Amino acid sequence: MSFRLSTWYVNNVLCQTRTLCSASTTDLLGSIKSLQQLFVDRYYVSPGVRNVALFKMGLACNYGPLGTELRSNLLNQWWLSMSSSGAQIYGINTLCRHLEVDGENTFQEPDEISREKLMKMTGILQESPSMRTNLLQGALDQFIPTFELMNKKLPFGLAETGTCFQSLDGSGCNLAEVTQASLVWFCSPRTSSQWLDHWARHRLKWWRKFALSPSDFSSSDVKEQDLEVAASRGIQISYNFPWGQEPIELLWSRGDTELLQMHKGNRSKLHCRDGRKTVPHVIAVSGNMDRGLLAFLSNSLLRREDTKQRLQQRKVLRLHPLLAPVKVALDINRGPTVELRRVCAGLLQEFLEAKISAWPGYLETAPTSMEQLTTKYDEMGVLFTILISENTLESGLLQVRSRDTTIRETMHISEVKNFISRYITAADNI
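Keep in mind that this is a model prediction, so the values were computed, not measured.

## Details of the nonpolar core
Phase 1 of the analysis: Counting 86 residues, the largest nonpolar core has Phe39, Phe351 and Ile386 as its most contacted members.
Phase 2 of the analysis: Among all residues touching phenylalanine 39, those that are not within four sequence positions of it are Tyr44, Val45, Phe55, Leu294, Leu297, Ser298 and Leu317.

Right, dumping it as structure tokens:
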């Protein structure tokens, strides 16, 4: 699998940049490699050629501590955007694989399964595992009970996030994971086109909300020859990566065909309560959150001139405050180390109780200059660096450095938590 993956990566990903030709191609490849190395160095992605290749392809990989937190923040914001959209949307959770042998459910206690059946199950799992490639089928399956819960009123949606599987080489055997966020929207046939446009606007606005350069996100109609089976119309939201434009979210108008196939023999249960006996139409919205994470990391990278050494540039991950995995880093300056660490520990606890993620830099024992610290935290995307000093013990005053402005402000220790909370809240309202 590793060999196939690396071959696929070279043939289908790197070739995108090779077609650019000229000397600029070398510069672009160097820039991409530098970008990927930064994400590894700063704990967003675990090291390893294969792992970085997965990440570059927009597939699930082994994330480091900051990458895991960033993905969690991204999925949380996606869920909040759905729940606060004003529409009737309900969350569901479905299995990524369901296996039956001879029509019997295999979820039994081990001693209740015969040796013959166990061998048969093992063979099926190895040869033809039924892995889901999207979250659509789970929502279609749960339509009738939710429809009845809604007293057969439209429209409404079913939302879910989870792991799906994609074939890397078209064989169906070489599979890789991808984290998807799905909304399946059920509406009347006469309003399906308007709802597709509505959700396309909603989704593009959401992606652009967190972007440093919103224009890098765009939407376009899917060409007729590229439409999925059962889809009459499609819209894709794309991001303009350094190596080219790639889709991060797809929206399909799928009609009622798949809903009827899923619930054969239950057509009457699909009828809307409008007297017309119409079957709802389906709008499917599916986002690749791994590629979305890569898009936001790429979009947030700035190169800022170092004020002391004009020839050097400092890399800054200017992630949106709601997405940044670390909001605050706590460090100490000169003074009694034990006492200063106690102050930092107390402040760290305050941040954690307020659900503000904090980095305990004060626990670092290796000597580090302030310039090295700010470089490290800028590359990690940390919003604020708080410096506790001997002056804090005497007067309660500390220094707060902003990632985005590089300005250092003096603030009382009792004010800093509320200051950062207000900053994050304000960013959410923009």
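## Some details on the confidence of the model for the protein chain
Phase 1 of the analysis: Averaged over every residue, the pLDDT of the protein chain is 85; the share at 70 or more is 82%.
Phase 2 of the analysis: Long-range and interchain partners of residues 1-23, a stretch whose pLDDT sits below 50, account for 36 contacts in this model, where long-range means more than four residues apart.
Phase 3 of the analysis: Note that residues 98-111 has pLDDT below 50 and, in this model, 20 contacts with residues that lie over four places away or in other chains.

## Notes on the sheet that holds strand β1 (residues 89-91)
Phase 1 of the analysis: Read from one edge to the other, the open sheet built from seven strands follows the order β1-β4-β5-β9-β8-β7-β6, with strand pairing classed as mixed. Only two strands of the sheet have a single partner each, and these edge strands are β1 and β6 (217-221). The average angle at which neighbouring strand axes cross in this sheet is 30°, direction not considered.
Phase 2 of the analysis: Bridging between strand β5 (residues 175-187) and strand β9 (residues 281-288) involves eight bridges; their strand directions are antiparallel. Looking across to β9, one finds that tryptophan 185 is bridged to isoleucine 283.
Phase 3 of the analysis: Contacts from helix α4 (residues 65-83) reach β1, β4 (156-167), β5 and β8 (244-255), with the element oriented near 150° to β4.

## Thoughts on the pattern of salt bridges
Phase 1 of the analysis: By the definition in use, this model includes twelve salt bridges.
Phase 2 of the analysis: Residue aspartate 290 is joined to arginine 71 by a salt bridge in which the shortest nitrogen-to-oxygen separation is 3.8 Å. Taken together, the positions of aspartate 290 in helix α10 (residues 289-300) and arginine 71 in helix α4 put the pair 219 residues apart, joining distant regions of the chain.
Phase 3 of the analysis: Judged by relative accessible area, aspartate 290 falls into the buried class, the value being 0%.
Phase 4 of the analysis: A salt bridge links arginine 203 to glutamate 249; the nearest nitrogen and oxygen atoms lie 3.1 Å apart. Of this pair, arginine 203 sits in helix α8 (residues 192-209) while glutamate 249 sits in strand β8, and the two are 46 residues apart along the sequence.

## Some thoughts on the packing of aromatic side chains
Phase 1 of the analysis: Enumeration over the complete set of coordinates arrives at 24 aromatic pairs.
Phase 2 of the analysis: Residues tryptophan 185 and tryptophan 199 carry aromatic rings whose centres are separated by 5.3 Å and whose planes lie at 65° to one another, so their mutual orientation is edge-to-face. Note that tryptophan 185 is positioned in strand β5 and tryptophan 199 in helix α8, a separation of 14 residues in sequence.
Phase 3 of the analysis: Since its relative accessible area comes to 1%, tryptophan 185 is described here as buried.
Phase 4 of the analysis: Judged by relative accessible area, tryptophan 199 falls into the buried class, the value being 0%.
Phase 5 of the analysis: Three or more aromatic residues joined by ring pairs form one cluster here, namely Trp206, Trp207, Phe210, Phe217, Tyr239, Phe241, Trp243 and Phe296.
Phase 6 of the analysis: Cation over ring: lysine 56 sits above tryptophan 243, and NZ or CZ is 3.9 Å from the ring centre.

## What about the environment of glycine 138?
Phase 1 of the analysis: Locating glycine 138 in the fold gives a position in helix α6 (residues 136-141).
Phase 2 of the analysis: Distance in space between the C-alpha atoms of glycine 138 and isoleucine 92 is 8.5 Å, their sequence separation being 46 residues.
Phase 3 of the analysis: Apart from the residues lying within four places of it in its own chain, the contact partners of glycine 138 are Ile92 and Thr94.

## Section: the packing of α4 against α10
Phase 1 of the analysis: For the pair α4 and α10, the least separation of the axes is 10 Å and the interaxial angle reads 110°. With respect to their mutual orientation, α4 and α10 come out roughly perpendicular. Between α4, through Gly67, Leu70, Arg71, Leu74, Leu75 and Trp78, and α10, the contact on the second element is made entirely by Met289, Asp290, Gly292, Leu293, Phe296 and Leu297.
Phase 2 of the analysis: For the contact of α4 with α10, the per-class residue count stands at eight nonpolar, two polar and two charged.

## Considering the side chain of glutamate 246
Phase 1 of the analysis: By the secondary structure assignment, glutamate 246 is in strand β8.
Phase 2 of the analysis: A polar contact of 2.6 Å, which involves the side chain of glutamate 246, links it to the side chain of tryptophan 243.
Phase 3 of the analysis: Among the polar contacts listed, one links the side chain of glutamate 246 to the side chain of arginine 291, at a separation of 3.2 Å.

Calculation rules
- Residues numbered from 1 in each chain as written.
- Predicted model: local features only at pLDDT ≥ 70, side-chain atom pairs only at ≥ 80, totals over all residues.
- Heavy atoms only, no water.
- Core = buried A, V, L, I, M, F, W, Y, C linked by side-chain atoms within 4.5 Å.
- Buried < 20%, exposed > 50% of the residue type's maximum accessible area, 1.4 Å probe, protein only.
- Contact = heavy atoms within 4.5 Å.
- pLDDT = per-residue confidence, 0-100.
- Pairing = 2+ DSSP bridges.
- Helix = DSSP H or I, 4+ residues; strand = E, 2+ residues; numbered from the N terminus.
- Axes fitted to C-alpha atoms, helices over the stretch in contact; angles between N-to-C directions.
- Salt bridge = Lys/Arg side-chain N within 4 Å of Asp/Glu carboxyl O.
- Phe/Tyr/Trp six-rings, centres within 6.5 Å; stacked < 30°, edge-to-face > 60°.
- Lys NZ or Arg CZ within 6 Å of the ring centre and 35° of its normal.
- Parallel < 35°, antiparallel > 145°, perpendicular 65-115°, else oblique.
- Nonpolar A, V, L, I, M, F, W, Y, C, P; charged D, E, K, R; others polar.
- Polar contact = N/O pair within 3.5 Å; in protein donor to acceptor, adjacent residues only side chain to side chain.

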